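The lines below spell out each chain.
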Amino acid sequence: MEQTLEQNQRLWDLFEVISLLHTRDEAARFFRDLCTPGELEAMAERLEVARLLQEGLSYRRISEVTGASTTTVTRIAHWCKHGEGGYKVMLQRHEEKE
């Protein structure tokens, strides 16, 4: 994680609070209070892009399916390959749950 983010106590407090959520309903209520509808849609879109990247779809096809720009798809692909591994963990856990 970037140095400035690692030193941001408010951010770590947010991560801690999120980790305390127990159910999908709790998460939905918390994020609805925390985020605007547009922010929630953007996060959902990013997760969908990551899922489709994992399935091997082309960047152009992902853009067509999700409505995300190819720039967004490229950025998410970069984080899937070179990031902290967050997308990978969440996608694996989601698959295991299904």
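For the structure, check the block above.
All residue numbers here refer to positions counted from 1 along the written sequence of the relevant chain. Selection of residues for local features in this predicted model requires a pLDDT of at least 70, selection of side-chain atom pairs for listing and counting requires 80 or more, and totals for whole chains, interfaces and linings are taken over all residues. Neither water nor hydrogens contribute to the side-chain values; these are computed over all heavy atoms in the structure.

Draft legend 1. Local environment of the overall build of the chain. Secondary structure counts use DSSP, requiring at least four H or I residues in a row for a helix and at least two E residues in a row for a strand, with both numbered from the N terminus. Secondary structure summary: the chain contains seven helices and zero strands in total. Along the chain, from the amino end to the carboxyl end, the secondary structure elements read α-α-α-α-α-α-α. By its C-alpha atoms, the chain is 35 × 35 × 30 Å across when sized along the principal axes. A total of 98 residues make up the chain; the buried ones form 14% of that total. Only protein chains enter the calculation, and the probe is 1.4 Å; a residue is then buried if its accessible area is under 20% of its type maximum, exposed if over 50%, and partly exposed in between.

Draft legend 2. Focus on the pattern of salt bridges. Put simply, a salt bridge is a Lys or Arg side-chain nitrogen that is within 4 Å of an Asp or Glu carboxyl oxygen. Here the structure, examined in full by the defined rule, presents four salt bridges. Notably, a salt bridge pairs Arg29 with Asp25, separated by 3.0 Å at the nearest N-O pair. Of this pair, Arg29 and Asp25 both sit in helix 3 (residues 24-34), four residues apart, which is roughly one turn of the helix. Taking the relative accessible area as the measure of exposure, Asp25 reaches 46% and is therefore partly exposed. Its salt-bridge partner being Arg51, residue Glu55 comes within 2.4 Å of it at the nearest N-O pair. You can see Glu55 and its partner Arg51 sitting in helix 4 (residues 37-55), four residues apart, about one turn around the helix. You can call Arg51 partly exposed: its relative accessible area is 29%. Through salt bridges with shared partners, a single ionic network connects Glu48, Arg51 and Glu55.

Draft legend 3. View of the state of the cysteines. Any two cysteine sulfur atoms lying within 2.5 Å of each other are counted as a disulfide. Taken as a whole, this structure holds zero disulfides when the rule is applied. Left without a disulfide partner, Cys35 is nearest to the cysteine sulfur of Cys80, which lies 20 Å away. On the basis of relative accessibility, which here comes to 33%, the residue Cys80 falls in the partly exposed class.

Draft legend 4. Here's a closer look at the packing of helix 4 against helix 6 (residues 70-82). Interaxial angle, 0 to 180 degrees, is taken between N-to-C directions of lines fitted to C-alpha atoms, where a helix line uses only the stretch in contact. At a minimum axis distance of 10 Å, the contact between helix 4 and helix 6 shows a crossing angle of 70 degrees. Relative to helix 6, helix 4 is oriented roughly perpendicular. For the pair helix 4 and helix 6, the crossing hand works out as right-handed. Contact with helix 4, carried on its side by Glu45, Arg46, Val49, Ala50 and Leu53, involves Thr72, Val73, Ile76, Ala77 and Cys80 of helix 6 and no other residues of that element. Charged means Asp, Glu, Lys or Arg here, nonpolar means Ala, Val, Leu, Ile, Met, Phe, Trp, Tyr, Cys or Pro, and polar covers whatever is left, Gly included. Class assignment for the residues of the contact of helix 4 with helix 6 results in seven nonpolar, one polar and two charged. Oblique is the label for every angle not falling under 35 degrees (roughly parallel), over 145 degrees (roughly antiparallel), or within 65 to 115 degrees (roughly perpendicular). Definitions for this section: a left-handed crossing has its near helix turned counterclockwise from the far helix by less than a right angle. A right-handed crossing has that turn clockwise. In this description, contact between two residues means that some pair of their heavy atoms is separated by no more than 4.5 Å.

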